[in-house]
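Chains, contacts and geometry: an overview
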Amino acid sequence: MAEIRKLEPEDFHYLLTIEGECFSQGYSRYFLKMIPVLFGNTSYIAIEGQCPQGYVAAAFRQGSRQAWILSLAVRPRYRQLGIGKRLMQAGLRGLAAAGAREVFLSVSPGNQGAISLYLGLGFTVDTEVRDFFGPGETRLLMKKDLENIY
Ligand SMILES: CC(C)(COP(=O)(O)OP(=O)(O)OC[C@H]1O[C@@H](n2cnc3c(N)ncnc32)[C@H](O)[C@@H]1OP(=O)(O)O)[C@@H](O)C(=O)NCCC(=O)NCCS
């Protein structure tokens, strides 16, 4: 079973592999490089030996106790095995331990798999934002309160 541990800067090449398999327009190499550096305390990788399976990146809004899930991705061959859920649980625990009171994320309204996962973890739909990334690119903003849960 994959180990879930905090992301380290040396995991950069693993992030490239995961991101490349999961998103057609994923984060830039520069941003992926910076995730463990800036957000390593609240971001996690699922890995078995030298084989990365997925990651979650989470960060605080500066100067607040509000946090965001920036990315969640599981490589296609490792999906439907509970890894995404375990990653999210680790991210939420890490955020709560670091003092987060509420966590937000955005998701495409058509991404039923991810939405089911988030609903199952207690997220609710906060708002639907039209043109979030540009014309026609609606996103759901989902929210979860973290107080007194872990
Ligand atoms: C979304 C994603 C992270 C899910 O990862 P996963 O490891 O397959 O998810 P899990 O196996 O932990 O599933 C947990 C729950 O999510 C839901 N779920 C996950 N994938 C689903 C799917 N394809 N269809 C329906 N429900 C799904 C189920 O409710 C499942 O609950 P269960 O335990 O009762 O079956 C993965 O499909 C992925 O990386 N997709 C591409 C990137 C992406 O869309 N990321 C989210 C961006 S907001």
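Within each chain, residue numbers correspond to sequence positions counted from 1 in written order. Totals for whole chains, interfaces and linings use every residue, but because this is a predicted model, local features are given only for residues with pLDDT of at least 70 and side-chain atom pairs only at 80 or more, for both listing and counting.

Considering the overall build of the protein chain
By the criteria applied, helices consist of DSSP H or I runs no shorter than four residues and strands consist of E runs no shorter than two, each listed in order from the N terminus. Regarding its fold elements, the protein chain presents four helices and seven strands. When the elements of the protein chain are put in sequence order from the N terminus, they spell out β-α-α-β-β-β-α-β-α-β-β. Its C-alpha radius of gyration of 15 Å places the protein chain within 12% of the 15 Å reference for a compact globule of 150 residues. When its C-alpha atoms are laid out on the principal axes, the protein chain stretches across 40 × 35 × 30 Å. Whether a residue is buried, exposed or partly exposed is read from the other C-beta atoms within 10 Å of its own C-beta, which are placed from the backbone; 20 or more gives buried, 12 or fewer gives exposed, and intermediate counts give partly exposed. Looking at the protein chain as a whole, 32% of its 150 residues are labelled buried. We call two residues in contact when their backbone-placed C-beta atoms lie within 7 Å. Excluding contacts between residues fewer than 6 apart, the proportion of contacts in the protein chain whose partners are at least 24 apart in sequence is 59%. We compute the radius of gyration from the C-alpha atoms alone; for a globule the expected value is 2.2 Å times N to the 0.38, where N is the number of residues.

Some remarks on the site of the ligand
Put plainly, near means the residue's C-beta atom, positioned from the backbone, lies within 6 Å of the molecule or strand in question. In the vicinity of the ligand lie 19 residues, with Arg79, Gly84, Lys85, Gly113 and Leu117 positioned nearest. Elements supplying a minimum of two residues to the shell around the ligand: strand E4 (66-74), helix H3 (83-97) and helix H4 (112-120). When residues in the shell around the ligand are grouped by element, the largest group, six residues, is from H4. The nonpolar class holds Ala, Val, Leu, Ile, Met, Phe, Trp, Tyr, Cys and Pro. Asp, Glu, Lys and Arg form the charged class, and all remaining residues, Gly among them, are polar. Classifying every residue of the shell around the ligand gives nine nonpolar, eight polar and two charged.

Details of the environment of Tyr78
Here Tyr78 shows up in the loop between E4 and H3. Placed 61 residues apart in sequence, Tyr78 and Arg139 show a C-alpha to C-alpha distance of 26 Å. In this structure Tyr78 touches Gln53, Gly54 and Ile83, once residues within four positions along its chain are discounted.

Comments concerning the nonpolar core
In these notes, a nonpolar core means any group of buried Ala, Val, Leu, Ile, Met, Phe, Trp, Tyr and Cys residues linked to one another through C-beta atoms within 7 Å. Residues Tyr44, Tyr55, Val56, Ala58, Leu87, Leu95 and Val103 are the most contacted members of the largest nonpolar core, which totals 35 residues. Those elements that place two or more of their residues in this core are helix H1 (12-22), helix H2 (29-39), strand E2 (44-48), strand E3 (51-60), E4, H3, strand E5 (102-107) and strand E7 (139-145). Top element by residues in this core is H3. It accounts for six residues. If we ignore the near neighbours within four places in the chain, the residues touching Val103 are Ala67, Trp68, Ile69, Leu92, Leu95, Lys144 and Leu146.

What to know about H1
Within the sequence span of H1, burial applies to Tyr14, Leu15, Ile18 and Glu19. Relative to the axis of H1, the buried residues are bounded by an arc of 125° and lie together on one face. Next to the buried residues of H1 lie H2, E2, E3 and E4. This arc is taken over the directions from the axis of the helix to the C-beta atoms.

Regarding the pairing of E7
Burial along E7 is one-sided: Leu140, Met142 and Lys144 are buried, and none of Arg139, Leu141, Lys143 and Asp145, which face the opposite way, are. Should DSSP find at least two bridges between two strands, the strands are regarded as paired. One ladder, built from six bridges, connects E5 with E7; its direction is antiparallel. The residue of E7 that forms the bridge with Glu102 is Asp145.

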